[in-house]
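Each chain, written out:
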Amino acid sequence: MKIEKIELGYVHIPLITPFRTALRTVDGINDLIVRITAEDGSFGFGEAPPTAVITGDTKESIEAAIRGYIAPSIIGMDLLDLDEVMRKMEKSIAKNTSAKAAVDIALYDLYAKQMGMPLYRVLSGAQGSRIRMSEPDKPGGAAARMESGEPISAAAKAEADGAPELETDITISVDETEKMVRDSLRAIADGFRILKVKVGKGGKKDVERVREIRRAVGPEIVLRIDANQGWSAKEAISTIRAMEEEGLKIELVEQPVSCHDFRGLQRVTKAVDTPILADESVFSYEDAERIIEEHAADYINIKLMKTGGIHQAMRICDLADRYQVNCMIGCMLESKVSVSAGAHLAAARSCITMADLDGPSLCAGDPYEGGPVYSGPKIYLNEDAGIGIRTVPVNL
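These remarks concern the structure in this document. (Residues numbered from 1 in each chain as written. Predicted model: local features only at pLDDT ≥ 70, side-chain atom pairs only at ≥ 80, totals over all residues. Heavy atoms only, no water.)

1. Some remarks on the packing of aromatic side chains
Under the criterion given, the structure shown has one aromatic pair. If you follow arginine 35 out to its NZ or CZ, it ends over the ring of phenylalanine 43, 5.8 Å from the centre. Across the ring face of tyrosine 10, the terminal group of lysine 59 is positioned such that the distance to the ring centre comes to 4.6 Å. (Phe/Tyr/Trp six-rings, centres within 6.5 Å; stacked < 30°, edge-to-face > 60°. Lys NZ or Arg CZ within 6 Å of the ring centre and 35° of its normal.)

Have a look at this one:
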């Protein structure tokens, strides 16, 4: 089954509220969409966000990498020889991980469609899926309402069907403390039980932010802290220890120091009791191997835009399995196409025990047709082939 053509377009989706971290502020999603068509007319979708401050990839560089290097190297190849297609793509251009991820996701989507299977089943293979299932429907629940002809939501139908599900956290953007507290309470009202609190803009102020959020949400809500490289190693150690001494019950701290400060990351991990999650410090298999072998962090955050897609992410999962290291599946500021690909990977691999796939929850709307159902913190997969996306709001 030959790869016939690769087309590009852009999707624009406003956010409910601005997304603020120690590195940037963003008001909307403006991502590149890839459609790859096979000779039989079937197609797969991929997506890439321009995240220059993290991956170095801009809108212009992503498009140029695909049009000028990646597409010419793989058009005409046999899709079913996926390993060789991925090898050729990797060799076509160095770095450019977001461009590679967009094409990789579209290839896997198309490949799974050719297999007639949802992507998570293709990825899990002989290992079997680790995915959690919904609880059986209660009497008078969604299944009973469906039987009576009463209309129900897509999420309720997925739950009634016993659809495979994942639970994601939601990001609380860094802001004034009072605003962060309000945003946290709003997220809990929407059903979220895990908050990923952005910090990294001043150690003492960060402790205040987390203290007031913990006071407002109570002891049962899970708090994850993400500094987005905003602290020095010394500041990270003092800030995290202060949170520990106050008993703020932090599940983990993500990327406390610069992605280039490997020794600093290692110092922080050794000096505090709270687990440390490496994010921007891990793009490749080699990065993950060094982090794990030298214990520079406790956990690894896998993001398809950093790894260059599912193919390389699977290698990191193999490594994590070997060392019995837990991973998070994360995303940049992405919409439903690439986030759904991440959800399928999380469903397939047992090393991925945490999900930070809140991109679609931050969007003001869902312009796509098909794919997993996103309902508050729950992501319901289904048995549609590939990642399940049928149409995108893009002229390709």
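2. A short note on the sheet that holds strand β6 (residues 170–172)
If you trace the eight strands from one edge of the open sheet to the other, you get β6-β7-β8-β9-β10-β11-β12-β13, paired in parallel fashion. Across the chains shown, the open sheet's two edge strands, defined by having one partner strand only, are β6 and β13 (352–355). Neighbour to neighbour, the strand axes of the sheet diverge by 30 degrees on average, direction disregarded. Bridge analysis of strand β10 (residues 276–278) against strand β11 (residues 299–303) gives two bridges, and the strand direction is parallel. Within β11, the residue paired with leucine 277 across the bridge is tyrosine 299. (Pairing = 2+ DSSP bridges. Helix = DSSP H or I, 4+ residues; strand = E, 2+ residues; numbered from the N terminus. Axes fitted to C-alpha atoms, helices over the stretch in contact; angles between N-to-C directions.)

3. Focus: the state of the cysteines
Note on terminology: disulfide describes a covalent bond linking the sulfur atoms of two cysteines. Overall, the coordinates contain zero disulfides when judged by the stated rule. Not part of a disulfide, cysteine 327 finds its nearest cysteine sulfur in cysteine 351, a span of 4.3 Å. When its relative accessible area of 0% is taken as the criterion, cysteine 327 is described as buried. In this model cysteine 351 remains outside any disulfide bridge; the closest cysteine sulfur is found in cysteine 317, 3.7 Å from its own. (Disulfide = S-S within 2.5 Å. Buried < 20%, exposed > 50% of the residue type's maximum accessible area, 1.4 Å probe, protein only.)

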